Amino acid sequence: MDFREDSSRFGLLPISTSRNMSSSSSTFFSANQSPFFSPSSSTCQRSSSIGSDVLLGRLKHQTSSTGISDLEALDANVGFILSNTSQMPAAGLSGESHKFDHVSSSTGLSNSAVSGFSNANDIVYSGQREKQSRHGRSHANPLTPSSVSLSTNRLRSCDVFIGLHGRKPSLLRFANWLCAELECQGISCFISDRSRCRNSRKHGIVERAMDVSTFGVVILTRKSFRNPYTIEELRFFSSKKNLVPVFFDLSPGDCLVRDIVEKRGELWEKHGGELWVLYGGIEKEWKEAVSGLARVHEWKLECRDGNWRDCIIRGVTLLAMKLGRRSVAERLAKWKEKADKEEFPFPRNENFIGRNKELSELEFILFGDISGDFERDYFDLKARPRRKNLTMGWKKSNLLEERRKEHQLDEASWKGKEPVVWKESEKEIEMCSSDFRPKQYQPRQKPGGRYVKRRRSTKILYGKGIACVSGDSGIGKTELLLEFAYRYHQRYKMILWIGGESRYIRQNYLNLWSYLEVDVGIENTLEKNRIKSFEEHEDSAVSTIRRELMRNIPFLIVIDNLENEKDWWDHKLVMELLPRFGGETHIIISTRLPRVMNMEPLKLSFLSGVEALQLMQGGVKDHSLTEIEALRVIEEKVGRLTLGLAIVGSILSELPINPSKLLDTINRMPLRDFSWSGRERTLLRRNTFLLQLLEVCFSIFDHADRPRSLATRMVQASGWFAPAAIPISLLALAAHKIPEKHQGTRRFRKILCSLTCCCSSSYIKRSEAEAALMLLRFNIARTSIRQDCIHFNELIKLYARKRGVVAISQAVVQAIISRGFVYDYSEHLWAASFLLLGFGTDPVVVELKVSELLYFVKEVALPLAVRTFITFSRCSAAIELLRLCTDALEAADQAFVTPVDKWLDKSLCWRPVQTNAQLNPCLWQELALLRATVLETRAKLMLRGGHFDIADDLIRKAIFVRTSIYGEDHPTTVSARETLSKITRFLATVQINSSP
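Each value, and the rule that gives it
- Residues numbered from 1 in each chain as written.
- Predicted model: local features only at pLDDT ≥ 70, side-chain atom pairs only at ≥ 80, totals over all residues.
- Heavy atoms only, no water.
- Helix = DSSP H or I, 4+ residues; strand = E, 2+ residues; numbered from the N terminus.
- Buried < 20%, exposed > 50% of the residue type's maximum accessible area, 1.4 Å probe, protein only.
- Contact = heavy atoms within 4.5 Å.
- Areas by Shrake-Rupley, 256 points an atom, 1.4 Å probe, with all protein chains shown as cover.
- Pairing = 2+ DSSP bridges.
- Right-handed = clockwise from strand over helix to strand, strands pointing away.
- Core = buried A, V, L, I, M, F, W, Y, C linked by side-chain atoms within 4.5 Å.
- Axes fitted to C-alpha atoms, helices over the stretch in contact; angles between N-to-C directions.
- Parallel < 35°, antiparallel > 145°, perpendicular 65-115°, else oblique.
- Left-handed = near helix turned anticlockwise from the far one by under 90°.
- Nonpolar A, V, L, I, M, F, W, Y, C, P; charged D, E, K, R; others polar.
- Salt bridge = Lys/Arg side-chain N within 4 Å of Asp/Glu carboxyl O.
- Polar contact = N/O pair within 3.5 Å; in protein donor to acceptor, adjacent residues only side chain to side chain.
- Phe/Tyr/Trp six-rings, centres within 6.5 Å; stacked < 30°, edge-to-face > 60°.
- pLDDT = per-residue confidence, 0-100.
- Patch = residues over 30% accessible without salt bridge, like charges linked within 9 Å, V, L, I, M, F, W, Y side chains within 5 Å.
- Lys, Arg positive; Asp, Glu negative; His and termini not counted.
- Charge placed at Lys NZ, Arg CZ, Asp CG, Glu CD.

Novice: Would you take a moment to explain the overall build of the chain for this structure?
Specialist: Across its full length, the chain holds 37 helices and 19 strands. Of all 996 residues assigned to the chain, the portion counted as buried reaches 54%. For the chain, restricting intrachain contacts to residue pairs at least 6 apart in sequence, the fraction spanning at least 24 positions comes to 78%. Total accessible area on the chain stands at roughly 44900 Å², and carbon and sulfur atoms take up 51% of it.

Following this line, the structure appears as structure tokens:
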């Protein structure tokens, strides 16, 4: 848990209200008088509430007993930090995930100037931190007080007080989330387990917070009714009529005085009885507090394992409405609507079979052993000799960190465990030992005295919030992760699903900005003293997302099909994208790699024989022994892959065929002779029976429709699209563009299409829908959560690319660029760019005509590059895209000025034509002007990154082209010259500053 030692030290309590301080708004309004005003003074409340008077008297008594003469002296002994929300967005008010800020500053209303305080130490809830606090070794990051005098930072108001009792990890996780969510929405809050306060000073500050809070949220568990502080909080806030009870793993009907006292029911048999006796309380007060819960009707919140998210969203919305923050409620409603539509990539598989053991193990890996309060920070290690001084942590050099590590070792020595924390380096996460290295991990010495470091892997991490699932393609990794996400989505604010393909993972990661409500766009640093480089811009965008994920709000990041540990673009480790492990955000990775980030993954095995049989039988359950044996043979031959089993089950369900007949059909299906290499050999060569099964499906499609049916062609085209959901209309368009084998048949169909154009539109749409439905019925594709989109498995796409010809890729590219720039499927625009331009060492797969190339650069590449650069700060990718476009245009221009030797390429008046540019001057001029536009765009982008010399060279080339065609006075030429003047000024400034 991320609470700190000193809950009583105020954190982020606003010193000013969310409204302008005026004569009308400076008076404190209690919750029952006007819930639409935040408190600004505690004077009225003390005079209007008996409970407040009691707390104030106790507070004065405790402050005097500790030697503090007045409240101002008490404030001077508390560590405050002033945070100005005018410089910080509401989404960024919370601290890092390893901090639990009790009270955050609120953004308030439009004209408010709200400030807040952040404490340095909060109550420790986890066992490890509690032990450290007992020895006086707090390792919280030191906070620097603001310039504002501490004596003036008096506590005046707080929107919400949150009280709880207990150290159960699930309770602490829920409270952590609730507090952080309130802070995100600009609602200041103070959270405390008063039973953990160890002196009267801390109790006094907490009671002061209760006194000035507008609402009191009390989280009730079955153990709360034996805690005197919880009973006091219930009585206090009930008297003010601003109590908001949260029943955690309870229901309001369970909290009856008679049932608790008489130990009625299974719930109270162990936890019930005359609970006031346990702490020496008064029976009447205890019964009044518990009975008062029945009188709270509107504000009751019931939290169970399956509705955490709904409970917190409802609670925050309710408190925001009562505080008059209607904009918060509206924003939450819009966010929830968007999350419900876009959270998951696929609908839930209602026919999900098996994997219960794997699901339970994933839960245990992510959440840890919740049976013990002090065990969650430890995880299993691989069986090795015991090693001393074993640490795996973030490198720190300060004395507090060193003392904390020594204390961890002392605490673990008597338990026989070795504490392990994370170390994050630029290259890998590894096990480190200061004075012992097992023999099997000694570095090997090569001839010449060089040492080769062997990779060492840790076992599965338990309770650290990261899990990795490894397995062959088609074994069911995505299905497992999807089922886990649906089962446990209420434990997280949102499921963030990221495609792990190496070319797209960074873009997929940055696409999370819309869900996290942050800005990852490039900053305009031209007007500032220092201009950021491209790498700094990219790191800043990643850090923005990463920082949001390191808050106390839990998210589940699912990285599906991680291809490589390094990004394809800059070869940086994927680990740099992830939030720090051990926080509230959890991470699940699926991959075919043997290990990820030097961790041993959870290896996904095959389904059991019973589960595989159940999946293959489909709708028919009564098979003879002979047919059952045929299903067993199919299971073995298909490699026991879940994908193949599902396809077999769909065929048996959709067609009147028995398993033995299907087995014979698959065996007789000829397989094309392909040349396998590299990755294809690994994935396809050893699964030839699965490929024969796919050929059977294609034959079924062709038989149902006609030879080369639309469904078959859609599968062939899918292999050249990006690894993302494909719009059915776009996929069908690409399928229609695939050339026919017989040109005569193609011409006849064109003529027939022209004659029936009046009724062809509805027929085409119907045929597209029918073809897509057929692919879904036979499990060749799966439906996407995005409307009218389908998704294909990687194995099927790889085989489709191998089975098809280059003409199919050209048809796909033509279909993609014919739609122009459409943001909804920008992944496919990048896929077309990869095929056309040949990034890196990739060859150019598709070559277009000059007119098609001009359309691609103007309508697709330029908008894509500018959006990638400005909106997502992916500077290197955008610059590389424009550079390759320039090269392609220059190659086309060179072909235009090449002399023509053919006699047909001469004019009708027998005048010799020297070049293609003279044959088609308009097209050549358009090509030259577009090249100038690309050069100017590159120059402007280079200017953003401080590359003034390159920008100067590019803009001069653009000016030369435009001057040659348009002249000096054309608006585009003048605009380019203005850009050149700006670059020249910046270049001169840099030279002056760099000169000695």
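Right, picking up where we left off after that structure.
Novice: Which parts of the structure should I look at to understand the pairing of strand β6 (residues 243-248)?
Specialist: Moving residue by residue along a regular strand, the side chains alternate between the two faces of the sheet. Extensive coverage of β6 is indicated by the burial of six of its six residues. Burial of the side chains of β6 extends over both faces: Leu243, Pro245 and Phe247 are buried on one face and Val244, Val246 and Phe248 on the other. As paired elements, strand β5 (residues 213-220) and β6 share five bridges and run parallel to each other. The residue bridging Val218 from the neighbouring strand is Pro245, located in β6. Since β5 and β6 lie parallel, the crossover through helix α7 (residues 228-240) that links them has a hand, and here it is right-handed.

Novice: It is not clear to me how the nonpolar core should be interpreted in this structure. Could you clarify?
Specialist: Side chains of nonpolar character tend, in soluble globular proteins, to be buried together. Residues Leu775, Ile780 and Phe792 are the most contacted members of the largest nonpolar core, which totals 156 residues. Element by element, the count of residues in this core is highest for helix α33 (residues 875-896), at twelve residues. When near neighbours in sequence (up to four residues on either side) are disregarded, Ile780 contacts Ile647, Leu694, Cys697, Phe701, Val715, Leu775, Phe792 and Ile796. The next biggest cluster of nonpolar side chains, apart from the first, holds 102 residues, and it includes Leu164, Trp268, Met494 and Leu578.

Novice: What is the right way to look at the packing of helix α35 (residues 921-944) against helix α36 (residues 948-965) in this model?
Specialist: Each pair of packed helices can be summarised by the angle the axes make with each other and by the distance between the axes. Contact geometry for α35 and α36: axes closest at 8 Å, N-to-C directions at 155°. Comparing the axis directions of α35 and α36 gives the class roughly antiparallel. Where α35 crosses over α36, the handedness of that crossing is left-handed. Judged by residue contacts, Gln925, Ala928, Leu929, Arg931, Ala932, Thr933, Leu935, Glu936, Arg938, Ala939, Met942 and Leu943 of α35 engage Phe948, Ile950, Ala951, Leu954, Ile955, Lys957, Ala958, Val961, Arg962 and Ile965 from α36. The residue inventory of the contact of α35 with α36, partitioned by class, reads 15 nonpolar, two polar and five charged.

Novice: What is the right way to look at the sheet that holds strand β16 (residues 602-603) in this model?
Specialist: The strand order β13-β14-β15-β12-β16 describes an open sheet built from five strands, whose pairing is parallel. Both edges of this open sheet fall to β13 (494-499) and β16, since each of them pairs with a single strand only. Both strand β14 (residues 555-562) and strand β15 (residues 586-591) contribute to a ladder of five bridges, which runs parallel. Across the sheet, Val558 pairs through a bridge with Ile588, a residue of β15. The sheet strands contacting helix α13 (residues 356-367) are β12 (466-470), β14, β15 and β16, and the helix crosses β12 at an angle near 150°.

Novice: Any chance you could explain the pattern of salt bridges here in plain terms?
Specialist: Opposite charge on two side chains allows them to pair when their charged atoms are near. Scanning the entire structure with this criterion turns up 39 salt bridges. Across the pair Glu483 and Arg487 runs a salt bridge, and its minimum N-O distance is 2.9 Å. Of this pair, Glu483 and Arg487 both sit in helix α15 (residues 477-488), four residues apart, which is roughly one turn of the helix. Via salt bridges that share partners, Arg194, Glu207, Glu232 and Glu233 belong to a single interconnected network.

Novice: Help me understand helix α29 (residues 794-803), please; the structure alone is not making it clear to me.
Specialist: Since the α-helix advances by 3.6 residues per turn, residues separated by three or four positions end up pointing in the same direction. Across the ten residues of α29, eight count as buried, placing the element largely inside the fold. When we look at burial in α29, the residues that qualify are Glu794, Leu795, Ile796, Lys797, Leu798, Tyr799, Ala800 and Arg803. If you check the start of α29, you find a side-chain oxygen 2.8 Å away from the backbone N of Leu795, and it comes from Asn793.

Novice: Got a minute to help me understand the sheet that holds strand β17 (residues 726-727) in this structure?
Specialist: To summarise the sheet geometry, strands pair through backbone hydrogen bonds and adopt either a parallel or an antiparallel arrangement. Strands sit in the order β17-β19-β18 across an open sheet of three strands; the sheet is antiparallel. Both outer strands of the open sheet, β17 and β18 (781-783), are each paired with one neighbouring strand and no more. Pairing of β17 with strand β19 (residues 789-792) involves two bridges; the strand directions are antiparallel. What sits directly across from Ile726, in β19, is Ile790.

Novice: Looking at this structure, how should I read the packing of aromatic side chains?
Specialist: Aromatic ring pairs: the centre-centre distance and the angle between the two ring planes describe each pair. Here the structure, examined in full by the defined rule, presents 25 aromatic pairs. Plain terms: the ring middles of Phe215 and Trp299 are 5.3 Å apart, the flat faces sit at 75° to each other, and that makes the pair edge-to-face. Of the two residues, Phe215 is situated in strand β5 and Trp299 in the loop between α10 (283-291) and β7 (301-303); the sequence distance between them amounts to 84 residues. Residue Phe215 is classed as buried on the basis of its relative accessible area of 1%. Since its relative accessible area comes to 12%, Trp299 is described here as buried.

Novice: What's the story with the packing of α35 against helix α37 (residues 971-994) in this structure? I'm lost.
Specialist: Between α35 and α37, the shortest axis-to-axis distance is 11 Å and the interhelical angle comes to 25°. As summarised for this structure, α35 and α37 are arranged roughly parallel, according to the angle between their axes. In terms of crossing hand, the pair formed by α35 and α37 is left-handed. Judged by residue contacts, Glu936, Ala939, Lys940 and Leu943 of α35 engage Ser975, Ala976, Thr979, Lys982, Ile983 and Phe986 from α37. A per-class count over the contact of α35 with α37 returns five nonpolar, two polar and three charged.

Novice: Explain unusual backbone geometry to me, please; I cannot follow it from the model alone.
Specialist: Most peptide bonds adopt trans geometry, and most residues besides glycine take a negative phi value. Despite not being glycine, Glu517 has its phi angle at roughly 60°, a positive value. Here Glu517 lies in the loop between α17 (513-516) and α18 (534-549). Take Glu517: its relative accessible area is 42%, and that puts it in the partly exposed class. With phi around 60°, Arg640 is a residue other than glycine that occupies positive phi space. Along the chain, Arg640 turns up in the loop between α20 (625-637) and α21 (642-654). Residue classification places Arg640 among the partly exposed residues on the basis of a relative accessible area of 26%.

Novice: Can you help me understand the confidence of the model for the chain in this one?
Specialist: Regions with low pLDDT carry predicted coordinates that are not meant to be interpreted in detail. The predicted model of the chain has a mean per-residue pLDDT of 75, with 68% of residues at 70 or higher. Ignoring residues within four places in sequence, the model shows residues 1-153, a span with pLDDT below 50, making 404 contacts including any to other chains. Predicted confidence is poor over residues 370-403, with pLDDT under 50, and the contacts of this stretch with residues over four places away or in other chains come to 94 contacts.

Novice: Explain the environment of Arg325 here, please?
Specialist: Mapping Arg325 onto the fold places it in the loop between α11 (308-322) and α12 (326-342). Note: C-alpha distance between Arg325 and Gln185 (140 residues apart in sequence) is 9.2 Å.

Novice: Is there a simple way to think about helix α25 (residues 710-718) in this case?
Specialist: Of all nine residues in α25, nine are buried; the element is thus mostly enclosed. Within α25, burial applies to Leu710, Ala711, Thr712, Arg713, Met714, Val715, Gln716, Ala717 and Ser718.

Novice: What am I meant to see in the pairing of β5 here?
Specialist: With eight of eight residues buried, β5 lies mostly within the body of the structure. Relative to β5, strand β3 (residues 158-163) runs parallel, the two being bridged by five bridges. Within the sheet, the bridge partner assigned to Ile162 lies in β5 and is Val217.

Novice: Could you clarify how one ought to interpret a positive patch on the surface in this entry?
Specialist: Judged by side-chain charge, Arg222, Lys223, Arg226, Lys263 and Lys270 come together as a positively charged surface patch. Examined against the element boundaries, Arg226 turns out to sit in the loop between β5 and α7.

Novice: Looking at this structure, how should I read the environment of Leu496?
Specialist: As for its position among the elements, Leu496 is in strand β13. A relative accessible area of 1% means that Leu496 is categorised as buried. For the pair Leu496 and Phe344, spaced 152 residues apart in the sequence, the C-alpha separation amounts to 7.9 Å. If we skip the residues at most four places from it in the chain, Leu496 touches Leu512, Tyr515, Leu516, Leu549, Phe555, Leu556, Ile557 and Val558.

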